[in-house]
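Remarks on the overall topology
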Amino acid sequence: MTSSNERTNDTGIQEGAGLSRRDFLVRGGSMLALLAMIDSPLFARMAGAADDGEVIPFLDRPPATPDAAVKAYGELNRLDWQKLTQWITPNDQFFTVSHYNRPVIRPEEYKLELTGLVKNPKTFTLAELKRRPRQEVVFTLECAGNHGFEWFTGGIGTAKWAGTPLAPLLKEAGLKPEGLEVIFFGADAGDEEVRSVKMRQEFSRSLSVPDALRPEVLLCYEMNGEPLPQEHGFPVRLIVPGWYGVANVKWLSRVDVTDRRWAGRFMTRDYVTIREEVQPDGRTVWTQKVVGPARVKSVTARVVYRGGPYQIEGAAWGGLIDRVEVRVDSGPWVPATITRGNEQYFAWKLWSLDWTDPAPGEHTITSRAVDRQGNIQPAADDPLLTKKHTYWESNGQITRRILLPFF
Ligand SMILES: Nc1nc2c(c(=O)[nH]1)N[C@H]1C(S)=C(S)[C@@H](COP(=O)(O)O)O[C@H]1N2
Ligand SMILES: [Mo]
């Protein structure tokens, strides 16, 4: 996403099938009017039929993506939370974010260079990478900008990624002891200007040597059992399980070991979280930190009616999740049940909670995830968020609004 900290100038007008709050206030003034509306074909269209029940639509549907954002990042293909029924996101529904061009690379021409502070610099073909040991990981990849804007709420998906682990390849090449960072370059590039120097620069991100050597980091060539789709980095991308999307460099062309810190755009200008932080002695300091590992987060995805109680369903991710709690209106936090993915460290957990005999009318639903270290997903008014001045890492609690019908 872009480099400034502006927020959307939200008009409050809802897009798509959902009706806005104002529609309800205007049209739902009397019980009769509301009943008439619920009976209408419009309401039938709003209440999307689920595979196994009826989804009650939220009032807070995200607005359409501004054209400028589609132009800047490509067809973003967002996750529609109300359709979240599968633990794995199909490839054709997986969101994409690309900051430069989307290179088309012929597999037989593909080369991955390993350069810099290694005893034996090397070039790998795709076939050579595929002959190496294969490893899989189910990992939820979320753009660090997700929920940073009203219109950007579906920049997340979960896939089974397969490839070969990076660490053995680095070790075989003979990492030199002075190596401090590993820089990953994509084949996509753009024109950048820094301190009036104009240059052509590939997409790039770096990891510290210890982070790059973590056993789960993959040179990935497969997504959900298919060759990596072109827009997701064909033929090879980096997969860094547990990190925000930006670390997962697509169209990977070069891996360079260096003794200096890399200061490219996506390390030092974009994907930098700026906060005012209160120190233990009470002083406030401004911090600028590179976006890295994912933070604890959850979302209420949908409310389903299957006869009997309503079910509130959602997902939680960002570290090892201990539990998810849900609050309706200003009631108590009630623990939800994890229904899927609990055994997987890097994948989201799906959760569900029965909502028995709620009153018809409007309600709010808020969820919060807690990780095994006791980190709680922060409330929207937590200083961690209110004193955060760039939109990345927006992991605050999300409140959904819903109107339950009178039947
Ligand atoms: N080469 C390259 N890799 C990239 C990017 C990019 O623009 N170029 N975007 C990053 C960002 S910001 C995100 S959120 C993820 C998105 O991955 P996806 O498009 O496969 O969902 O890719 C990351 N890897
Ligand atoms: Mo991103």
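Before reading further, recall that the structure is shown in the block above.
Residues numbered from 1 in each chain as written. Chains lettered and ligands numbered in written order. Predicted model: local features only at pLDDT ≥ 70, side-chain atom pairs only at ≥ 80, totals over all residues. Heavy atoms only, no water.

Each helix and strand in the chain was counted, giving nine helices and 22 strands. Counting contacts in the chain only where the partners sit at least 6 residues apart, residues at least 24 apart contribute 70% of the total. Total accessible area on the chain is roughly 18,800 Å²; 51% of this is exposed by carbon and sulfur atoms. (Helix = DSSP H or I, 4+ residues; strand = E, 2+ residues; numbered from the N terminus. Contact = heavy atoms within 4.5 Å. Areas by Shrake-Rupley, 256 points an atom, 1.4 Å probe, with all protein chains shown as cover.)

Right, let's talk about the pairing of strand S13 (residues 272-278) for a bit. Across seven bridges, the pairing between S13 and strand S14 (residues 284-290) is antiparallel. Pairing of Glu277 across the sheet is with Val285, part of S14. Between S13 and S14, which follow one another and run antiparallel, lie five residues, and Gly282 among them has a positive phi close to 95 degrees. (Pairing = 2+ DSSP bridges.)

Here we take up the site of ligand 1. Contacts to ligand 1 come from 20 residues, most closely from Phe95, His99, Asp188, His232 and Lys250. Separating an oxygen atom of ligand 1 from a backbone N or O atom of Val97 is a distance of 3.1 Å. At 2.7 Å from a nitrogen atom of ligand 1 is found a side-chain nitrogen or oxygen belonging to Asp188. Notes on ligand 1: free accessible area 540 Å², of which the protein chains cover 100%. In this structure the site holding ligand 1 corresponds to the largest cavity. Of the residues belonging to the shell around ligand 1, the class tally is 10 nonpolar, seven polar and three charged. (Near = heavy atom within 4 Å. Polar contact = N/O pair within 3.5 Å; in protein donor to acceptor, adjacent residues only side chain to side chain. 1 Å grid on protein atoms, 1.4 Å probe; cavity = no way out; pocket = protein on both sides within 12 Å on 5 of 7 lines; lining within 4 Å. Sits in = over half its atoms within 2 Å of the grid points. Nonpolar A, V, L, I, M, F, W, Y, C, P; charged D, E, K, R; others polar.)

The next thing to look at is the pattern of salt bridges. In total, this model carries 26 salt bridges according to the counting rule given. The salt bridge partner of Arg106 is Glu108, with a shortest N-O separation of 3.0 Å. On the basis of relative accessibility, which here comes to 57%, the residue Glu108 falls in the exposed class. Linking Arg323 and Asp322 is a salt bridge whose minimum nitrogen-to-oxygen distance equals 2.9 Å. For Asp322, a relative accessible area of 39% translates into the label partly exposed. In the salt-bridge network here, residues are joined through shared partners; they are Arg134, Glu136, Lys160 and Glu222. (Salt bridge = Lys/Arg side-chain N within 4 Å of Asp/Glu carboxyl O. Buried < 20%, exposed > 50% of the residue type's maximum accessible area, 1.4 Å probe, protein only.)

Further remarks concern the layout of surface pockets. Its volume calculated, the second largest pocket comes out at about 520 Å³. Forming the boundary of the second largest pocket are 29 residues, of which Gly242, Pro293, Ala294, Gly318 and Gly319 lie nearest the centre. Sort the elements by how many residues they give to the lining of the second largest pocket and strand S5 (residues 135-142) lands first, with four residues. When the residues that make up the lining of the second largest pocket are grouped by side-chain class, the tally is 16 nonpolar, seven polar and six charged. In this structure, the lining of the second largest pocket is formed jointly by two domains, domain 1 (7-65 + 293-404) and domain 2 (87-273), each of which donates at least three residues. (Points joined across faces, edges and corners; volume = space filled by probe spheres on them. Domains from an automatic or database assignment.)

Okay, the packing of aromatic side chains next. Taken as a whole and assessed by the stated rule, the structure comprises 17 aromatic pairs. With a centroid separation of 5.3 Å and an interplanar angle of 80 degrees, the aromatic rings of Phe185 and Trp262 are classed as edge-to-face. Placement of the pair is Phe185 in strand S7 (residues 181-194) and Trp262 in the loop between strand S12 (252-258) and helix H8 (265-268), with a sequence separation of 77 residues. Judged by its relative accessible area of 24%, Trp262 falls in the partly exposed class. For the pair Phe203 and Phe266, a centre-to-centre distance of 4.4 Å together with 35 degrees between the ring planes defines the contact as tilted. Of this pair, Phe203 sits in strand S8 (residues 197-208) while Phe266 is found in helix H8, placing the two residues 63 residues apart along the sequence. (Phe/Tyr/Trp six-rings, centres within 6.5 Å; stacked < 30°, edge-to-face > 60°.)

Strand order in the open sheet formed by four strands is S18-S17-S21-S22, with antiparallel pairing between adjacent strands. The open sheet terminates on both sides in strands that have one partner only, identified here as strand S18 (334-335) and strand S22 (398-404). Judged from the two bridges that link them, strand S17 (residues 321-328) and S18 form a sheet pairing that is antiparallel. Its bridge partner lying in S18, Val326 is registered against Val334.

The subject of this paragraph is the environment of Arg261. Structurally, the position occupied by Arg261 is in the loop between S12 and H8. Between the C-alpha atoms of Arg261 and Leu207, which are 54 residues apart in sequence, the distance is 9.3 Å.

Shape is all these values report; function is a separate question.
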